[in-house]
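Listed here are the chains, written in short residue letters.
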Amino acid sequence: MGTILVTGGTGTLGRHVCERLRDRGAFSGEGHAVRVLSRHAHPYAVDLREGTGLEEAVTGVDTVVHCASSPRGGDEEAARRLIAAARPAGVRHLVYISIVGVDRVPFPYYRTKLAVERLVEESGIDWTVLRATQFHNLVLRVFETAARLPVMLLPAGVADQPVEVVEVADRLAGLTAGPPSGRVADMGGPEIRPFPELARSYLRASGRRRGVLTVPLAGAAYRGFRSGGHLAPEHAVGKVTFESFLARRFPAHQR
């Protein structure tokens, strides 16, 4: 695989991808190098939205795994800058992590992820794109935010299929080690569960006491989530359940 650059390499997913790639290289004896790129990871501290230092970071790189992303915006510009630097550097494989449902749910962040997918596809570099359902960590953050109120307010009629981030990292590392594969099969968590049910599991695991109230919302994005556009029932390949994830996060409250 030669030298691999992981953007967002210190983030929720990226740090696990880096670990898996290093482990894979050590186990196989391939001896490939893994470069971590993020805004604060030296020697490749690069803000992709600005691009300073990016040419140096991609020099000598064979494969780029693009994990960097921000709901606050800038992903399209970051991808354009990355691709513009990667092409003349001779990068041969561009791997991108996306989200299940970006083409079915008109949620602003999903639209951005879909736009980046298209940039990857049209980059002129051989590519692989994996879409995954929401990470356990993200669902937990949603519930922690909702639990700041005496009653947790959740969107009515919405289910989720959370997946373990380490399992996604394993899959992404395997795809990185293989040939460019285009759009591969989606990756979903092991169970599709109503949001209130997941919320009550969180409350039990964390030892918090809150009411749970579902509220109908309006808009095309909500209708997309309610219809299950973000789910992958035919690709429920994850093994770690939300309860197992919570048990690790809140060991003091386990019986």
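Before reading on, note that the structure itself is shown above.
Scope of this entry: the structure provided in the associated data block. Because the structure is a prediction, the values reported are computed rather than measured.

Reading guide: rules and limits
Residue numbering note: each chain is counted from 1, following its sequence as written. Confidence filtering applies because this is a predicted model: local features only for residues at pLDDT of at least 70, side-chain atom pairs given and counted only at 80 or more, and all residues used for totals across whole chains, interfaces and linings. With hydrogens and water excluded, all non-hydrogen atoms of the structure serve as input to the side-chain values. Each helix is a run of H or I in the DSSP string that is no shorter than four residues. Each strand is a run of E no shorter than two, and both are numbered from the N terminus. Values of the radius of gyration come from C-alpha atoms, whereas the globule rule sets the reference at 2.2 Å times the count of residues to the power 0.38. Remark: exposure states derive from per-residue accessible area (1.4 Å probe, protein chains only) relative to the maximum for the residue type, with buried under 20%, exposed over 50%, and partly exposed in between. In what follows, a contact means two residues having at least one pair of non-hydrogen atoms within 4.5 Å. Surface accessibility follows the Shrake-Rupley procedure with a 1.4 Å probe radius. Residue values consider only the protein chains on display as shielding. Only when DSSP finds a minimum of two bridges between them are two strands counted as paired. When the strands point away from the viewer, a crossover counts as right-handed if the path from the first strand over the helix to the second runs clockwise. Only the stretch in contact is used when fitting a helix axis, every axis being a line fitted to C-alpha atoms; angles between N-to-C directions are given from 0 to 180 degrees. The labels follow the angle: roughly parallel below 35 degrees, roughly antiparallel above 145, roughly perpendicular from 65 to 115, and oblique for the rest. Each residue is assigned to one class: nonpolar for Ala, Val, Leu, Ile, Met, Phe, Trp, Tyr, Cys and Pro, charged for Asp, Glu, Lys and Arg, and polar for all the others, Gly among them. Nonpolar cores were defined as sets of buried Ala, Val, Leu, Ile, Met, Phe, Trp, Tyr and Cys residues, with membership established by side-chain atoms within 4.5 Å. Working rule for helices: expected span equals 1.5 Å times residues minus one. Aromatic pairs are defined between Phe, Tyr and Trp rings, using the six-membered ring for Trp, whenever the two ring centres lie within 6.5 Å; interplanar angles under 30 degrees are classed as stacked, those over 60 as edge-to-face, and all others as tilted. Salt bridge, as applied in this entry: a Lys or Arg side-chain nitrogen positioned within 4 Å of an Asp or Glu carboxyl oxygen.

## Here's the deal with the overall build of the chain
Stage number 1. The secondary structure content of the chain amounts to nine helices and 10 strands.
Stage number 2. In terms of C-alpha radius of gyration, the chain reaches 19 Å, essentially the compact-globule figure of 18 Å for 255 residues.
Stage number 3. Within the chain, buried positions represent 51% of all 255 residues.
Stage number 4. Taking contacts inside the chain between residues at least 6 apart in sequence as the whole, the part at least 24 apart equals 80%.
Stage number 5. Summed over its atoms, the accessible surface of the chain is roughly 12,100 Å², and 52% of this surface lies on carbon and sulfur atoms.

## Description of the pairing of strand β3 (residues 63-66)
Stage number 1. Of the two faces of β3, the one carrying Thr63 and Val65 and the one carrying Val64 and His66 are both buried.
Stage number 2. Across four bridges, the pairing between strand β1 (residues 4-7) and β3 is parallel. Across the sheet, residue Leu5 finds its bridge partner in β3, namely Val64.
Stage number 3. Here four bridges tie β3 to strand β4 (residues 93-99), and the two strands are oriented parallel to one another. Pairing of His66 across the sheet is with Tyr96, part of β4.
Stage number 4. For the crossover from β3 across helix α3 (residues 75-89) to β4, the handedness is right-handed.

## Quick notes on the packing of helix α5 (residues 136-146) against helix α9 (residues 242-249)
Two quantities define a packed helix pair, namely the angle between the axes and the distance from one axis to the other.
Stage number 1. Across the interface, α5 lies against α9 with an axial gap of 11 Å and an inter-helix angle of 70°. By the angle between their directions, the pair α5 and α9 is classed as roughly perpendicular. Where α5 approaches α9, its residues His136, Asn137, Val139, Leu140 and Phe143 are matched on the opposing element by Phe242, Phe245, Leu246 and Arg249.
Stage number 2. Among the residues making up the contact of α5 with α9, the classes are represented as six nonpolar, two polar and one charged.

## Some details on the nonpolar core
Stage number 1. By size, the foremost hydrophobic cluster in this structure holds 25 residues, and its most contacted members are Val6, Leu13, Val17, Val168 and Leu172.
Stage number 2. Those elements giving two or more residues to this core turn out to be β1, α1 (14-28), β2 (34-37), β4, β5 (127-132) and α6 (165-177).
Stage number 3. The residues contacting Leu172, other than those within four sequence positions of it, are Leu13, Val17, Val65, Cys67, Val95, Ile97 and Leu130.
Stage number 4. Within the second largest apolar cluster, 24 residues are counted, among which are Ala78, Val91, Leu94 and Tyr96.

## Observations regarding helix α4 (residues 108-121)
Stage number 1. Here α4 contains 14 residues, and its C-alpha end-to-end distance of 20 Å stays within 8% of the 20 Å for a straight helix at 1.5 Å per residue.
Stage number 2. Buried within α4 are the following residues: Tyr109, Tyr110, Lys113, Leu114, Ala115, Val116, Glu117, Leu119 and Val120.
Stage number 3. Packing partners of the buried residues in α4 comprise α3, β4, β5 and α8 (220-226).

## Observations concerning the packing of aromatic side chains
Stage number 1. With the rule as written, the count across this model stands at eight aromatic pairs.
Stage number 2. Taken together, the ring pairs in this structure connect Phe143, Phe195, Tyr202, Phe242, Phe245 and Phe250 into an aromatic cluster.

## A word on the sheet that holds strand β8 (residues 182-183)
Think of a sheet as strands paired side by side through backbone hydrogen bonds, with each pair either parallel or antiparallel.
Stage number 1. In spatial order, the strands read β2-β1-β3-β4-β5-β8; together these six strands make up an open sheet with parallel pairing. Each edge of the open sheet is held by one strand with a lone partner, namely β2 and β8.
Stage number 2. With four bridges connecting them, β1 and β2 associate as parallel partners. Note on β2: the bridge partner recorded for Thr7 is Leu37.
Stage number 3. Where α4 meets the sheet, it contacts β4 and β5, and its direction lies at approximately 160° from that of β4.

## Section: unusual backbone geometry
Stage number 1. Cis peptide bonds are those with omega within 30 degrees of zero, and the linkage from His42 to Pro43 qualifies with 10°.
Stage number 2. By secondary structure assignment, the location of Pro43 is in the loop between β2 and α2 (54-58).

## A short note on the pattern of salt bridges
Stage number 1. Counted by the stated rule, this structure contains 13 salt bridges.
Stage number 2. Arg81 is the partner of Glu77 in a salt bridge, and the nearest nitrogen-oxygen pair spans 3.2 Å. Within this pair, Glu77 and its partner Arg81 are both found in helix α3, separated by four residues, close to a single helical turn.
Stage number 3. Its relative accessible area of 33% is what places Glu77 among the partly exposed residues.
Stage number 4. Sharing partners across several salt bridges, the network here consists of Glu191, Arg193, Glu197 and Glu243.

## Points about α3
Stage number 1. With 15 residues, α3 should reach 21 Å at 1.5 Å per residue; the first-to-last C-alpha distance of 21 Å fits that figure.
Stage number 2. Taken residue by residue, α3 has Asp75, Ala78, Ala79, Leu82, Ile83, Ala85 and Ala86 as its buried positions.
Stage number 3. Buried residues along α3 sit in contact with β1, α2, β3, β4 and α4.
Stage number 4. Looking one or two residues past α3, Gly90 carries a phi angle of roughly 85°, positive in sign.

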